[in-house]
Amino acid sequence: MAKAAIKQQKAEATEARLAGLTLPESGAWAREAREAALERVRSMGLPHRRDEYWKFTDPTSLTAEEPPQASVFETGEPPLFDGVDRLKVVFVDGVFDPEASDDLSLEGIEIERLSEAMAKDIHWVRDLYGKIEGASHEKVDRPLAAFNTAFATDGVVIRVTGKPSKPVSLVYLHKSERSDAILHHCVKVEEGAELTILENGPAAARFSKGLEVDVADTGAFHLVRAQGRDHERRAVTGTFARLGRESTFKTFTLTVNGVMTRNEAYVELTGDEAVCHIAGACLGDGRDFHHDATVFVTHDAVNCESRQVFKNVLRNGATGVFQGKILVKQGAQKTDGYQISQSLLLDDDSTFQAKPELEIYADDVACSHGSTSGAIDADALYYLRARGMAKAEAENLLTLAFVAEALEEIENEAYAEELRERLAGWLERRRDRAAG
Amino acid sequence: MTALDNVPKAQTPEVKEGVDEETVEAVRALSGKYKYGWETDVEMDYAPKGLSEDIVRLISAKNDEPEWMTEWRLQAYARWLKMEEPDWAMVEYPQIDFQDQYYYARPKSFETKPKSLDEVDPKLLETYNKLGIPLKEQEVLAGVEGAGEVATPEDNSTRAAGEAPDATEPRKVAVDAVFDSVSVGTTFQKELEKAGVIFCSISEAIREHPELVKKYLGSVVPQGDNFFAGLNSAVFSDGSFVYVPPGVRCPMELSTYFRINAENTGQFERTLIIADKGSYVSYLEGCTAPQRDTAQLHAAVVEIIAEEDAEVKYSTVQNWYPGDENGKGGIYNFVTKRADCRGDRAKVMWTQVETGSSVTWKYPSCILRGDDSQGEFYSIAITNNWQQADTGTKMIHLGKRTKSRIVSKGISAGHAQNTYRGLVSMHPKAKDSRNFTQCDSLLIGDKCGAHTVPYIEVKNNSSRVEHEATTSKVDEDQMFYCQQRGMDEEEAVALIVNGFAKEVLQALPMEFAMEAQQLVAISLEGSVG
């Protein structure tokens, strides 16, 4: 198809999709931010299968007017992070649930509902909402992120001024088979402040989430998330961060199940000596599993460090995708950039697709990336079996060892341990598809 | 350099010091000028500017082509008209006006065949001299009747430097030279014939061996493969053709020398190499063009077919005019090269040294169709000043137990942009296959860019794919070490870069390895300080 024809088709599809939508009610500045985001969606057009950035993932179900049905799945497991001392904020099918949530006051942070913040005439979040997302299109179009900014109906805005005693835990419950949730959170970490956010749950039949994080000089932000286990759920998430001098930003994402997941991360290192770690593990089981981790790290300051570590374990025809990029701008000298994406294919039906990119305009840098794909190492398996271990057990052990490298990216050992247990559970279920 | 290990010291140019001296000398001698930047004032026969069905027919008629070939070209032209110029590569150049080009230029002296060297246009002979082609080969290249039938070993004594001492026969290289649009002559044709090898211009092959051309032309790179390949299919004027029959090991290296001489002329050569069952051939390709202010277009297609147990080595030293230090002029090099390992255990090895062209768009690829077939890609791409290169490879694994190896070294200096773009694809049926990819980039100066865009697709679990890439700058310790021993900055950079690209240089045939090392130094001239 000719480029002009695709462009035309995209424009028409975008208008058709937008026709039935109205921007959510909000105050003057928020209205402006939403309209600007809507304009971005119009000028970029919603993603098309032929877009280079969607080469490995079909965006159709994410842009369709109606979300495909997704039945609610009972895992029988206790909810994640239940034992953690935390400030719990619960969303049910994308709507804040004050009954199930904790009181939103905690020393060191100010936390509000997005809709409340947006209704106010003056609010600090005005300088953040849609701003980092808006800047993220410089090299690549991310229309779904702009769509999220325009149409988000709920979310939280958090200003971190100190070092709160416990993490903020965002819990996303899924109760309706047709829910279409659009959440947008903003986090501003002030100088020297620190915050950890925990996220878990399937959220909705179709979930669009935007998270913008502005970390000031010497601030720190950690995110540990586990995307829910509902087989039929769909999710498109965007994490956007801007890092000041000597600040730290670390995220880890565990994805188990889900018919469609696209997790994008966009991080700008704008202050010298900033550190950014983005890690993830995905465990896919079955032909109906598609997971896509798309990461874009921009180095725009000197002496910064970035690290991307992604592990995929795929079986029964599952598909894993990794698109990672390190962009080093002119003048971003002494950059240390590292990126690894690895895939373990447990059978012959599964697929791994990767596009690990480097784009470098500064000479005094050390950047590297690696990507591997293959089956469980036959020698290692033989070694364990020769020592009397059953085949399945040996395979599980080697699989856990493979994923361990990504889990090591989580600083808090307690959280890492909880996720590790979930992994072990997933491995056990392998011969019992019915139990999921 | 294994070939040199068993050579007595005296005969060998000492690999380490010797080469460096040569490199240094070359740099000094050329003092920043493009060595091949002269133009030969040969009277040319041009087709009218622009592109149309008539021009396609004219090119076909000029080459005395049969009707089926004309039809094939017209079909390609019709397809090309519907195609769009690709824009995904990380290269920027002004819109090319495809109607503002000559699609056919031919030295006038070729209207009739000369009887001896005296009758050959002296300007053309001068060209060969400058290209460094030995005098006796010139006769053949100039198309003198009866020349090239007897090959005297002395002809090639100068090339024997890299030979192993136990080789009794000196090394021979058969050359096919393409001057603007026309193949001007092929050496050693008779001797090759004895072995059953066909090595001639593609226009001759179309006339003399239509059954082979019909069977294979466009079977690896179809007419509608991409915009530039489509254009080439319609207007290619000449190129080389090689057929190696079953079980034959081609007795000498085959070589093609391409040169664009005329202004505003696009060169569109087409190369077709067929290695039949169990055969072997090594093929070298070199290219130059004069210095010009305006950019010139080059869109070539190379197709390789390797049948069962066949092995083909294809080496390129691409040294088209890169434009001046302000980015003015230079060749736009849009090339489609692809090999089809059709038979089991077939093997194809691409080696390229890309130092020239202002814009390079080139991805020599392997389709590994036969079981146990192998593809290799070794590349050095050097960009300096305002050059842009977007180059890499595709390894498509279809057969079982297929293997591929990619080693790419990109060096970027000045304001240049250098991109590695590649694809490794393991299809579901390509069980137990293997790929290893290593892409390293070196940056010299803070105004240039080095990029890596690999695509990896794995659709079975018994195959292993490994990809590694690094980007760094010239090591300060190494620079200090070299300079402390009396080298100036530029010499030191040339030495270090040669070391960085060693793996690829070693994969080149000896004749090219020497030239390539010098080129590395020359290309980077003016990049430091």
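Residues numbered from 1 in each chain as written. Chains lettered and ligands numbered in written order. Predicted model: local features only at pLDDT ≥ 70, side-chain atom pairs only at ≥ 80, totals over all residues.

Naming follows an unreviewed UniProt entry, where chain B appears as Fe-S cluster assembly protein SufB of Histidinibacterium aquaticum. The UniProt entry for chain B carries the following text under Sequence similarities (unreviewed entry): "Belongs to the iron-sulfur cluster assembly SufBD family." (UniProt positions renumbered as here; feature names shortened; annotations may be inferred.)

By the naming in an unreviewed UniProt entry, chain A goes by SufD family Fe-S cluster assembly protein and is assigned to Histidinibacterium aquaticum. In its Sequence similarities (unreviewed entry) section, the UniProt record describing chain A reads: "Belongs to the iron-sulfur cluster assembly SufBD family."

Visitor: Just give me the short version of the overall build of chain B, but keep the residues and values in it.
Guide: Helix and strand counts for chain B come out as 14 helices and 24 strands. Across the 529 residues of chain B, 54% fall into the buried class. Sequence separation of at least 24 residues holds for 82% of the intrachain contacts in chain B that already meet a minimum separation of 6. (Helix = DSSP H or I, 4+ residues; strand = E, 2+ residues; numbered from the N terminus. Buried ≥ 20, exposed ≤ 12 C-beta atoms within 10 Å, placed from the backbone. Contact = placed C-beta atoms within 7 Å.)

Visitor: Before we move on, could you go through the overall build of chain A and cite the residues and values that matter?
Guide: When you go through chain A residue by residue, the secondary structure sums to 9 helices and 20 strands. For 436 residues, the compact-globule estimate of 2.2 N^0.38 gives 22 Å, and chain A sits close to it at 21 Å. Burial statistics for chain A: of 436 residues in total, 53% are counted as buried. A separation of at least 24 residues holds for 85% of the contacts in chain A among residues at least 6 apart in sequence. (Rg over C-alpha atoms; globule rule 2.2 N^0.38 Å.)

Visitor: Can you tell me about the environment of Arg31 of chain A, naming the residues and giving the values?
Guide: Summarising the element assignment, Arg31 of chain A is placed in helix H2 (residues 28-44). For the pair Arg31 of chain A and Val95 of chain A, spaced 64 residues apart in the sequence, the C-alpha separation amounts to 20 Å.

Visitor: If you had to explain the nonpolar core to someone new, which residues and values would you point to?
Guide: Core analysis: the largest hydrophobic core is formed by 247 residues, its most contacted members being Leu195 and Val267 of chain A together with Val242, Ile304, Ala306 and Val312 of chain B. Here this core takes 8 residues from helix H14 (residues 510-523) of chain B, the largest share from any one element. Here Val242 of chain B is in contact with Ile198, Phe199, Leu254, Ile273, Ile274, Val281 and Tyr283 of chain B, once residues within four sequence places are set aside. (Core = buried A, V, L, I, M, F, W, Y, C linked by C-beta atoms within 7 Å.)

Visitor: Tell me about the UniProt feature "domain: SUF system FeS cluster assembly SufBD N-terminal" (unreviewed entry) in chain A, residues and numbers included.
Guide: Feature annotation in UniProt assigns "domain: SUF system FeS cluster assembly SufBD N-terminal" (unreviewed entry) to the following positions: residues 88-161 of chain A. Helix and strand shares over residues 88-161 of chain A are 27% and 26% respectively, and the end C-alpha atoms of the span are 19 Å apart.

Visitor: If you had to explain the environment of Glu246 of chain A to someone new, which residues and values would you point to?
Guide: Residue and element names in this part refer to chain A. Looking at the secondary structure, you find Glu246 in the loop between strand S11 (234-243) and strand S12 (248-256). Taking the C-alpha atoms as reference, Glu246 lies 9.8 Å from Leu269; in sequence the two are 23 residues apart. Once residues lying within four places of it in the same chain are set aside, the contact partners of Glu246 are Asp217, Thr218, Gly271, Glu273 and Ala274.

Visitor: Tell me what's going on with the pairing of S11 of chain A, and back it up with residues and numbers.
Guide: Residue and element names in this part refer to chain A. The element S11 is extensively covered by neighbouring structure, given that 10 of its 10 residues are classed as buried. By the alternation rule, side chains of S11 split into Arg234, Val236, Gly238, Phe240 and Arg242 and Ala235, Thr237, Thr239, Ala241 and Leu243, which are all buried. Pairing analysis gives 10 bridges linking strand S9 (residues 206-215) to S11, with the strands arranged parallel. Within the sheet, the bridge partner assigned to Phe207 lies in S11 and is Ala235. Examined bridge by bridge, S11 and strand S13 (residues 260-269) share 10 bridges and lie parallel to one another. (Pairing = 2+ DSSP bridges.)

Visitor: Can you break down unusual backbone geometry residue by residue, with the values?
Guide: All names here are of chain B. Backbone geometry places Asp64, a non-glycine residue, at a positive phi of 55°. Summarising the element assignment, Asp64 is placed in the loop between helix H3 (53-62) and helix H4 (67-81). What makes Asp64 exposed here is the crowd of 11 C-beta atoms within 10 Å. Even without a glycine there, the phi angle at Asp432 is positive, about 55°. Here Asp432 shows up in the loop between strand S21 (417-426) and strand S22 (434-444). Owing to 15 C-beta atoms within 10 Å, Asp432 belongs among the partly exposed residues under this scheme.

Visitor: Talk me through the interface of chain A and chain B; I want residue IDs and the actual numbers.
Guide: Taken together, the 35 residues of chain A in the interface contact 31 residues of chain B. When residues of the side of chain A that touches chain B are traced back to their parent elements, those giving at least two are strand S18 (336-345), strand S19 (351-360) and strand S20 (366-374) of chain A. It is S19 of chain A that provides the largest number of residues to the side of chain A that touches chain B, a total of 10 residues. The pairing of S20 of chain A with strand S24 (residues 464-473) of chain B spans 7 bridges and is classified as antiparallel. If you follow Ser371 of chain A over to S24 of chain B, its bridge partner there is His467 of chain B.

Visitor: Lay out the UniProt feature "domain: SUF system FeS cluster assembly SufBD N-terminal" (unreviewed entry) in chain B with the relevant residues and their values.
Guide: Within the UniProt annotation, "domain: SUF system FeS cluster assembly SufBD N-terminal" (unreviewed entry) is assigned to residues 193-249 of chain B. Between the C-alpha atoms that bound residues 193-249 of chain B the distance is 13 Å, and the span itself is 46% helix and 16% strand.

Visitor: How would you summarise H2 of chain A if you had to cite specific residues and measurements?
Guide: Residues and elements named next belong to chain A. Here H2 contains 17 residues, and its C-alpha end-to-end distance of 25 Å stays within 8% of the 24 Å for a straight helix at 1.5 Å per residue. Residues of H2 that are buried: Ala30, Ala33, Arg34, Ala37, Arg40, Val41 and Met44. The buried residues of H2 occupy an angular sector of 110° when projected down its axis, which confines them to one face. Away from the buried face of H2 by more than 90 degrees, exposed residues Ala28, Glu35 and Glu39 are located. (Expected span 1.5 Å × (residues − 1). Arc of directions from axis to C-beta.)

Visitor: Account for the packing of helix H11 (residues 476-484) of chain B against helix H12 (residues 489-500) of chain B, with residues named and values stated.
Guide: Residues and elements named next belong to chain B. In the contact formed by H11 and H12, the axes pass within 9 Å of each other and the chain directions differ by 125°. If you check the angle between H11 and H12, you find them oblique. Between H11 and H12 the crossing geometry is right-handed. Taking contact as the criterion, the partners of Gln478, Met479, Cys482 and Gln483 in H11 are, on H12, Glu489, Ala492, Leu495 and Ile496. Its residues assigned to classes, the contact of H11 with H12 shows 5 nonpolar, 2 polar and 1 charged. (Axes fitted to C-alpha atoms, helices over the stretch in contact; angles between N-to-C directions. Parallel < 35°, antiparallel > 145°, perpendicular 65-115°, else oblique. Left-handed = near helix turned anticlockwise from the far one by under 90°. Nonpolar A, V, L, I, M, F, W, Y, C, P; charged D, E, K, R; others polar.)

Visitor: Account for the pairing of strand S1 (residues 87-92) of chain A, naming residues and giving values.
Guide: All names here are of chain A. Summarising the sheet, S1 and strand S6 (residues 168-173) pair through 6 bridges and their orientation is parallel. When the bridges of S6 are listed, Val89 appears paired with Leu170. As judged from the 2 bridges shared by S1 and strand S2 (residues 95-96), these two strands associate in the antiparallel manner. Bridge assignment links Val92 to a residue of S2, and that residue is Val95. Hairpin connection, S1 to S2: the antiparallel pair is bridged by 2 residues, and Asp93 has positive phi, about 50°.

Visitor: Give a detailed account of the confidence of the model for chain B, specifying residues and quantitative values.
Guide: Any segment with low pLDDT has predicted coordinates that should not be analysed in fine detail. All names here are of chain B. Summarising the model, chain B shows a mean pLDDT of 80, and 72% of its residues fall at 70 or more. Overall, residues 1-20 carries pLDDT values under 50, and its contacts beyond four positions in sequence, including any with other chains, amount to 18 contacts. In this model, residues 146-170 is a region of pLDDT below 50 whose contacts with residues beyond four sequence positions or in other chains number 37 contacts. Two summary scores accompany this predicted model of the complex, namely pTM at 0.86 and ipTM at 0.89. (pLDDT = per-residue confidence, 0-100.)

Visitor: Residues and numbers for the packing of helix H7 (residues 378-386) of chain A against helix H8 (residues 391-407) of chain A, please.
Guide: How two helices sit against one another is set out by the angle between their axes and by the gap between those axes. Residues and elements named next belong to chain A. Remark: H7 packs on H8, axes separated minimally by 9 Å, with the N-to-C direction vectors making an angle of 130°. Taken together, H7 and H8 sit at an angle that is classed as oblique. The handedness of the crossing between H7 and H8 comes out as right-handed. Together, Ala380, Leu381, Leu384 and Arg385 of H7 and Lys391, Ala394, Glu395, Leu397 and Leu398 of H8 make up the contact between the two elements. Taken together, the residues of the contact of H7 with H8 sort by class into 6 nonpolar, no polar and 3 charged.

Visitor: An account of the environment of Leu384 of chain A is requested, with residue identities and associated values reported.
Guide: All names here are of chain A. With respect to the element layout, Leu384 can be found in helix H7. Looking at Leu384, the number of C-beta atoms within 10 Å reads 16, which means it is partly exposed. Through-space distance from the C-alpha of Leu384 to that of Leu327 is 42 Å; in sequence the pair is 57 residues apart. Contacts of Leu384, omitting those with residues within four sequence positions, involve Met389, Ala394 and Leu397.

Visitor: Break down helix H10 (residues 227-235) of chain B for me, with residues and values.
Guide: Because an α-helix packs 3.6 residues into every turn, residues spaced three or four apart end up facing the same way. Residues and elements named next belong to chain B. Of all the 9 residues making up H10, 8 are buried; the element is thus mostly covered by neighbouring parts of the structure. The set of residues buried in H10 consists of Phe228, Ala229, Gly230, Leu231, Asn232, Ser233, Ala234 and Val235. Elements that come into contact with the buried residues of H10 comprise H3, H4, strand S8 (270-275), strand S11 (301-306) and strand S13 (330-341).

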